[in-house]
Amino acid sequence: MSNQPRISSLVVVGAGIVGASVAYHAARAGAAVTLVDAGQPGGGVTTNSFAWIGSAGVRTGAAAELRVAATDEYRRLQGELPGLPVTWAGSLSWRREGSAPEAGPGEEIIDGAAVAALEPNLRQAPDWAVWAAGDGGVDPVGAIDRMIAAARDLGARVQLDAPVTAVRRDATGRVVGVETATDSISGDAVVLAAGVATADLAAPLGVEVPVAPSPATLFRFRAPAGLVGRIVTTEDFDLRQIADDRLIAAADSPERTLAAIRSTFRGADGVDLLSARVGARPMPADGEPIIGPVAEAPGLYVAVMHAAVTLGAAVGRLVAQELIEGTDEPLLAGCRLDRF
Ligand SMILES: Cc1cc2nc3c(=O)[nH]c(=O)nc-3n(C[C@H](O)[C@H](O)[C@H](O)COP(=O)(O)OP(=O)(O)OC[C@H]3O[C@@H](n4cnc5c(N)ncnc54)[C@H](O)[C@@H]3O)c2cc1C
C-alpha cells in the first residue's frame, strides 16, 4: 500500500548509525542521496555506544517485532557489505538475586555449568543465566564508515562538517531540502536522523518531535586477551571484549565497575580504566522509535530512536523502502510520530 509519493532524491541529515544506514539503503535502492553531517561520521552518540545488537527476549512494545527482526537484518547487511565489523558471540545475562525468568524469543535459560563453559574465566558461575546465542556486537563507527563508503560507491554525496541550519520548504509548504552555512541542498524528501538534535531541526517547521537526551556512560578498559568471551550483562555492567587488549562497559561508576570486573573474572587484576565518556542517547518520550513521514510537513521524514545501533540495519532498509517505493511498512506501524 502506498502512503506517500515515491521520491527519487533524498537529503539525510545526520551521519550516525541511523543516517548512514538510511543513506546506504536509499542509494542501493536507486535514490540520489546527499548525506549531511555537522561533524564527522559517527561523531554523535554512536561513537560512545556499547553497540550490543540484542533483539532476543523482546516481547512487548510498539516496536517489538522490529526489534526481533534486528539481528537478522544485520546478518543480511553483513552479506551485502563484506567487512562490516559485526561479531556474533551471543549474550549472557544474570542477576545474583531472584529466580530465573522465562526465556523469551531467541533465549534459553542455562545452568551454571553451561555458563562456565561459555565464559571460562568466571570466578564463580551464577546458578542460571539467560543465553541469547544470536546476539552480537558491532564496531559502530566502523559500520558507519563501511555503509558510507558503500553509499558513495552507489553515487551518494556526503557533506561533512556542514551543520544544517534550516529545513527548506517551497511556497506550498512542501519540504524541498536543507540549508547549511554555505550551501542549499535540494531533495524530494528530507530525513531527519540527527539524534538528539532532531527536535530542534523540526521545531521551526511547527513539528514537535518528543525526544530528549538521556545520558549514559561508556567505559573503556585495557584488558588481557581472551578475558571475556560473550556480551555479559549483570546488575553491575554490560561488558564485552572488543579487541585482544580492550574491554568496554556500559555502567555507572568507574570504581564500582572495575571492582566488579575484577571480582567476576579470574585474571582481571591488570584491567585498567582508559576512559569514561558520557553520551546523550536520543530517547523518545515513550521509549519507542519515532520513524515515519510527518503529516504537517510533506516531504519531511523523521528517524530517531533508542537502541538505534540494534535497530540500525533494519530501520535503514525499511525507511528507504517507504520513501523510495512509497510503501507503508508494517514493522514501522507502531513507530509513527502521530501517536503522540
Ligand atoms: C553508553 C551507551 C551505551 C549504549 N548501548 C547501546 C547498545 O548496546 N545498543 C544500542 O542499540 N544502542 C545503544 N546505545 C544507544 C545508541 O548509541 C544510540 O541509540 C545511537 O547511537 C543513536 O544513533 P543516531 O544515528 O540516532 O544518533 P547520533 O549517533 O547522535 O547521530 C546523529 C548525527 O547527527 C548529526 N547532527 C546533529 N545536528 C546536526 C545538524 N544540525 N546538521 C547536520 N548534522 C547534524 C550529529 O553530528 C551526529 O553525527 C548506547 C548509548 C550509550 C551512550
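Residues take numbers from 1 onward in each chain, read along the sequence in its written order. Owing to the predicted nature of the model, reporting of local features is limited to residues with pLDDT of at least 70; listing and counting of side-chain atom pairs is limited to 80 or more, with chain, interface and lining totals taken over all residues.

### Observations regarding the domain arrangement of the protein chain
Okay, step 1: Throughout the structure description, domain borders are defined by an automatic or database domain assignment. Structurally, the protein chain comprises domain 1 (9-83 + 139-210 + 285-339) and domain 2 (91-133 + 214-282).
Okay, step 2: Just the C-alpha atoms count here: the centres of domain 1 and domain 2 sit 30 Å apart.
Okay, step 3: It is the C-beta atoms, placed from the backbone, that decide contacts: two residues are in contact if theirs lie within 7 Å. Each partner contributes residues to the interface: domain 1 has 18 residues there, and domain 2 has 17 residues.
Okay, step 4: Residues are grouped as follows: nonpolar covers Ala, Val, Leu, Ile, Met, Phe, Trp, Tyr, Cys and Pro; charged covers Asp, Glu, Lys and Arg; every other residue, Gly included, is treated as polar. The class makeup of the residues in the side of domain 1 that touches domain 2 is nine nonpolar, eight polar and one charged.

### Remarks on helix α4 (residues 140-153)
Okay, step 1: In a regular helix each residue adds 1.5 Å, so 14 residues correspond to 20 Å; α4 covers 20 Å between its end C-alpha atoms and thus fits that length.
Okay, step 2: Inspection of α4 places Pro140, Val141, Ala143, Ile144, Arg146, Met147, Ile148, Ala150 and Ala151 among the buried residues, and these make up the whole buried set.
Okay, step 3: Numbering of helices and strands runs from the N terminus; a helix is a DSSP stretch of H or I covering at least four residues, while a strand is a stretch of E covering at least two. Looking at the buried side of α4, the elements it contacts are α1 (17-28), β2 (32-36), β8 (136-138), β9 (157-159) and α7 (308-325).
Okay, step 4: Taken from the residues just after α4, Gly155 is the one with a positive phi, measuring 105 degrees. For a helix, the expected span equals 1.5 Å multiplied by the residue count minus one. Around each residue's C-beta, the other C-beta atoms within 10 Å are counted; 20 or more make the residue buried, 12 or fewer make it exposed, and counts in between make it partly exposed. All C-beta atoms are placed from the backbone.

### Things to note about unusual backbone geometry
Okay, step 1: Non-glycine residue Asp161 carries a positive phi angle of around 50 degrees.
Okay, step 2: The residue Asp161 is located in the loop between β9 and β10 (164-169) in this model.
Okay, step 3: Look at Asp161 and you get exposed, because 12 C-beta atoms sit within 10 Å.
Okay, step 4: With a phi close to 60 degrees, Ala307 is a non-glycine residue in the positive phi region.
Okay, step 5: Among the structural elements, Ala307 can be located in the loop between β20 (300-304) and α7.
Okay, step 6: Taking the C-beta count within 10 Å as the criterion, Ala307 has 20 such neighbours and is therefore assigned buried.

### Re the site of the ligand
Okay, step 1: Any residue whose C-beta atom, as placed from the backbone, lies within 6 Å of a molecule or strand is termed near it. Inspection of the region around the ligand gives 40 residues, with Gly14, Gly16, Gly44, Gly195 and Gly279 positioned closest.
Okay, step 2: Residue assignment for the shell around the ligand shows that the elements contributing at least two residues are α1, β14 (211-222), β18 (272-284) and α7.
Okay, step 3: A breakdown of the residues in the shell around the ligand according to their chemical character gives 24 nonpolar, 14 polar and two charged.
Okay, step 4: In terms of domain composition, the shell around the ligand takes at least three residues from each of domain 1 (9-83 + 139-210 + 285-339) and domain 2 (91-133 + 214-282).

### Things to note about the pairing of β20
Within a regular strand, side chains alternate between the sheet's two faces.
Okay, step 1: In terms of residue burial, β20 counts as a mostly covered element, since five of its five residues are buried.
Okay, step 2: Alternating positions in β20 separate into two faces, Leu300, Val302 and Val304 on one and Tyr301 and Ala303 on the other, with burial throughout.
Okay, step 3: Taken together, the three bridges between strand β13 (residues 189-192) and β20 define a ladder with parallel strand orientation. Counterpart to Val191 in the pairing with β20 is Tyr301.
Okay, step 4: Following DSSP output, two strands are said to pair if at least two bridges run between them. Inspection of the sheet shows strand β19 (residues 290-293) paired to β20 by four bridges, in the antiparallel sense. Residue pairing for β20: Ile290 is matched across the bridge by Val304.
Okay, step 5: Hairpin geometry of β19 and β20 is characterised by an intervening segment of six residues between the two adjacent antiparallel strands and by a positive phi of about 95 degrees at Gly299.

### Considerations on the sheet that holds strand β5 (residues 91-93)
Okay, step 1: In space, the eight strands of this open sheet follow the order β6-β7-β5-β15-β16-β17-β14-β18, with mixed pairing throughout. Across the chains shown, the open sheet's two edge strands, defined by having one partner strand only, are β6 (108-111) and β18. For this sheet, the mean angle separating the axes of adjacent strands, direction not counted, is 25 degrees.
Okay, step 2: When β6 meets strand β7 (residues 128-132), the two strands line up antiparallel, connected through four bridges. What sits directly across from Glu108, in β7, is Trp131.
Okay, step 3: Between N-to-C directions, angles cover 0 to 180 degrees, with each direction set by a line fitted to C-alpha atoms, over the stretch in contact for helices. Across the face of the sheet, helix α6 (residues 254-264) comes into contact with β14, β16 (238-243), β17 (246-250) and β18 while running at roughly 115 degrees to β18.

### Describing the nonpolar core
Okay, step 1: Note on terminology: a nonpolar core is any set of buried Ala, Val, Leu, Ile, Met, Phe, Trp, Tyr and Cys residues joined through C-beta atoms within 7 Å. Of all hydrophobic cores here, the largest spans 109 residues; its most connected members are Val13, Ala23, Val190, Val191, Val302 and Ala303.
Okay, step 2: Looking at this core, the element that brings in the most residues is α7, giving 11 residues.
Okay, step 3: The contact partners of Val13, leaving out residues within four places of it in the chain, are Gly19, Val36, Val164, Val178, Val190, Val191, Leu192, Ala193, Ala194 and Leu201.

### Points about the environment of Pro224
Okay, step 1: Along the polypeptide, Pro224 turns up in the loop between β14 and β15 (231-233).
Okay, step 2: Through-space distance from the C-alpha of Pro224 to that of Gln241 is 9.6 Å; in sequence the pair is 17 residues apart.
Okay, step 3: Among residues more than four places away in sequence, those in contact with Pro224 are Gly267 and Gly270.

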